[in-house]
Amino acid sequence: MEEYGEVMEKMDIWDSWNYLEKKEMILGSLGLTSDFLEREIAEISGGQANRVALAGVLISSPNLLLLDEPTNNLDAETLEFLKKFIQEGKFSLLLVSHDRQFLDETIDEILEIDEESLTVSHFGGNYSFYVAEKKKIFDKQVAAYEEQRRKREQLEKAAKALRQKAAKFERFSQNAFYKAKGAKLAKQANIQFKRIQEELNSIPEPKPPKKPTFVVEENEKRGLLAKVFNIFFAYPDQKNLFSNFSFSLNGNERVAIIGPNGIGKTTLIRLILGEVKPTEGEITITKNVGYLPQIPGEVDKSENVIDYFRKQVTVSEEEAKKILGQVLFSDVSYKKISDFSSGEIRRIQIAILFAKRPDLIILDEPTNHLDVYTIEMLEEALKRFRGGILVASHDEWFLRDIKINRLLIFKEKKEILDVKTTPEKISLKSHVYNFI
Ligand SMILES: Nc1ncnc2c1ncn2[C@@H]1O[C@H](COP(=O)(O)OP(=O)(O)O)[C@@H](O)[C@H]1O
Ligand SMILES: [Mg+2]
């Protein structure tokens, strides 16, 4: 009986009475059907594996949830579910993420680790709060530094005047009294200079955080850049992903492809690039395309980074060094690819993408696995870029920042909506709930 009581208590503590319902709800919301769960792990895609792992964690009713980049490869619908689960959950959460929108809607405290000083700072709010707070702190430091500079200039001027006066007394006077007065004034001036040095030098000049940047050609590219006409496509032995689909993209268009995992976004990109051929229909595309694939291709790690860069872009060694310095902050001439982290390699690839001066840039889920600084570098570059953009992404913050003006919305049952939009209107929530 005692044991029974203990078990009952534990059921309460672990909130386990509705375990089966909860399990069904979580599996269903993550799109994990019982058929699907029969499959071998080796057969499923990265996004799907991510969802299986997430289901396991959520079903276990944690008191403390630790999530490391949970949003990578999740579609808008799954993101919404996870957001709600966190908002409504009674657990504590420690989240590592570069997904700014997700951070804004799920957390209320931020710990920032400074790479250079290896210190941790605490901010009592969400991501937008953190950004605003950082700016405030920086502006305050600038104001304090300016105030110090102003005071120092003023006092230095006064001390200089004193010193000049002292020199006059000493030079022109034969009188011992005035000579002594001059010496006294000189001493005072020295004391003042010393004080200025000691007291008005404590605030160092604030420097904005280092951000990778590089020059982007701003020539406008007009006219038709890609055209897909009445295509049909299916992978061998599978259902048609596209039936009689047409689409064209002009120079000033910034198009986002959105839709659930596995619906065919990457396949459309691969069709446009000619990596796979449609069974029927025609595809034409400008020659000058820059492409960042969803999964970065294999790179030869033993290669020197300058050689790697110059193999893909025809620039001088000096130019390559300059561009790489702008994105990696140091002299990289003697480094090999293996000396860089995967995030840094992605930065190098982004620099290569723009250095090729493309007319059309195609990106497949570019913000997955990038740190916020690199995402911001990519955003800045895309904002200045004047050609066409086609990007598959679930990162609405990113889509807004790069000023997407048209959406290709892949819905279930092969329906594809093609709508004009403005950056302010972009919300994947409305996509999930079919408000568009
Ligand atoms: N090389 C392939 N061979 C067979 N099926 C594939 C291949 N690549 C993708 N698929 C399937 O085609 C569908 C669309 O995939 P994909 O275009 O990668 O989707 P998305 O990018 O929208 O997540 C999925 O069901 C996927 O499993
Ligand atoms: Mg994809």
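On a predicted model such as this, the values are computed, not experimentally measured, just so you know.

## A closer look at the overall build of the protein chain
So, step 1. Summing up its helical and strand segments, the protein chain has 15 helices and 13 strands in all.
So, step 2. Over its C-alpha trace the protein chain gives a radius of gyration of 30 Å, far above what one expects of a compact globule, namely 22 Å for 436 residues.
So, step 3. With the principal axes as the frame, the protein chain shows a C-alpha extent of 110 × 75 × 45 Å.
So, step 4. The long-range share in the protein chain, meaning contacts at least 24 apart out of those at least 6 apart in sequence, stands at 67%.
So, step 5. When the accessible surface of the protein chain is summed, it comes to about 25,600 Å², and 52% of that surface belongs to carbon and sulfur atoms.
So, step 6. Taken together, the 64 basic and 69 acidic charged side chains of the protein chain have centroids lying 12 Å from each other.

## Let's talk about the environment of G290
So, step 1. Within the fold, G290 resides in strand β9 (residues 289-292).
So, step 2. Counting along the chain gives 21 residues from G290 to I269, while the straight-line C-alpha distance between them is 12 Å.
So, step 3. In this view, G290 contacts L353, P358, L360, I361 and I362; residues no more than four positions away in its chain are not counted.

## Structural notes on the sheet that holds strand β10 (residues 360-364)
So, step 1. One open sheet holds the 6 strands; their spatial order is β9-β10-β11-β7-β12-β13, and the pairing between them is mixed. The strands lining the two open edges of the sheet, one partner per strand, are β9 and β13 (416-420). On average, each strand axis in the sheet is inclined to that of its neighbour by 15°, with strand direction left out of account.
So, step 2. Here β9 runs beside β10; their pairing, made up of 4 bridges, is parallel. Residue Y291 lies in a different strand from β10, and its bridge partner there is I362.
So, step 3. Strands β9 and β10 of the sheet are contacted by helix α12 (residues 342-355), whose axis makes an angle of about 170° with β9.

## Structural notes on the packing of aromatic side chains
So, step 1. Under the definition given, this model contains 11 aromatic pairs.
So, step 2. Ring geometry for F233 versus Y235: centroids 5.0 Å apart, planes at 85°, classification edge-to-face.
So, step 3. Assessed through its relative accessible area of 25%, Y235 is described here as partly exposed.
So, step 4. Each member of the aromatic cluster is reached from another via a ring pair, and the members are F123, Y127, Y130 and W397.
So, step 5. Lying across the ring of F229, K227 places its NZ or CZ 5.4 Å from the centre.

## Quick look at the domain arrangement of the protein chain
So, step 1. As far as domains go, the protein chain holds domain 1 (2-107), domain 2 (131-199) and domain 3 (224-297 + 357-432).
So, step 2. Taking only C-alpha atoms into account, the centre of domain 1 sits 29 Å from that of domain 3.
So, step 3. On the domain 3 side, the residues contacting the 14 residues of domain 1 number 23 residues.
So, step 4. Here domain 1 packs against domain 3, burying approximately 1,600 Å² in sum over the two surfaces, 49% of which is carbon and sulfur.
So, step 5. One salt bridge connects R100 with E379, and the closest N-O pair in it is separated by 2.6 Å.
So, step 6. Counting the contacts that link domain 1 with domain 3 gives 7 residue pairs in polar contact (both at pLDDT 80 or more).
So, step 7. For the side of domain 1 that touches domain 3, the class distribution of residues is 3 nonpolar, 4 polar and 7 charged.

## As for unusual backbone geometry
So, step 1. The residue S61 is not glycine, and still its phi comes out positive at about 45°.
So, step 2. Along the chain, S61 falls in the loop between α4 (46-59) and β1 (64-68).
So, step 3. Residue class for S61 comes out partly exposed when judged on its relative accessible area of 23%.

Rules used throughout
- Residues numbered from 1 in each chain as written.
- Chains lettered and ligands numbered in written order.
- Predicted model: local features only at pLDDT ≥ 70, side-chain atom pairs only at ≥ 80, totals over all residues.
- Heavy atoms only, no water.
- Helix = DSSP H or I, 4+ residues; strand = E, 2+ residues; numbered from the N terminus.
- Rg over C-alpha atoms; globule rule 2.2 N^0.38 Å.
- Contact = heavy atoms within 4.5 Å.
- Areas by Shrake-Rupley, 256 points an atom, 1.4 Å probe, with all protein chains shown as cover.
- Lys, Arg positive; Asp, Glu negative; His and termini not counted.
- Charge placed at Lys NZ, Arg CZ, Asp CG, Glu CD.
- Pairing = 2+ DSSP bridges.
- Axes fitted to C-alpha atoms, helices over the stretch in contact; angles between N-to-C directions.
- Phe/Tyr/Trp six-rings, centres within 6.5 Å; stacked < 30°, edge-to-face > 60°.
- Buried < 20%, exposed > 50% of the residue type's maximum accessible area, 1.4 Å probe, protein only.
- Lys NZ or Arg CZ within 6 Å of the ring centre and 35° of its normal.
- Domains from an automatic or database assignment.
- Buried area = accessible area lost by both parts, 1.4 Å probe.
- Salt bridge = Lys/Arg side-chain N within 4 Å of Asp/Glu carboxyl O.
- Polar contact = N/O pair within 3.5 Å; in protein donor to acceptor, adjacent residues only side chain to side chain.
- Nonpolar A, V, L, I, M, F, W, Y, C, P; charged D, E, K, R; others polar.

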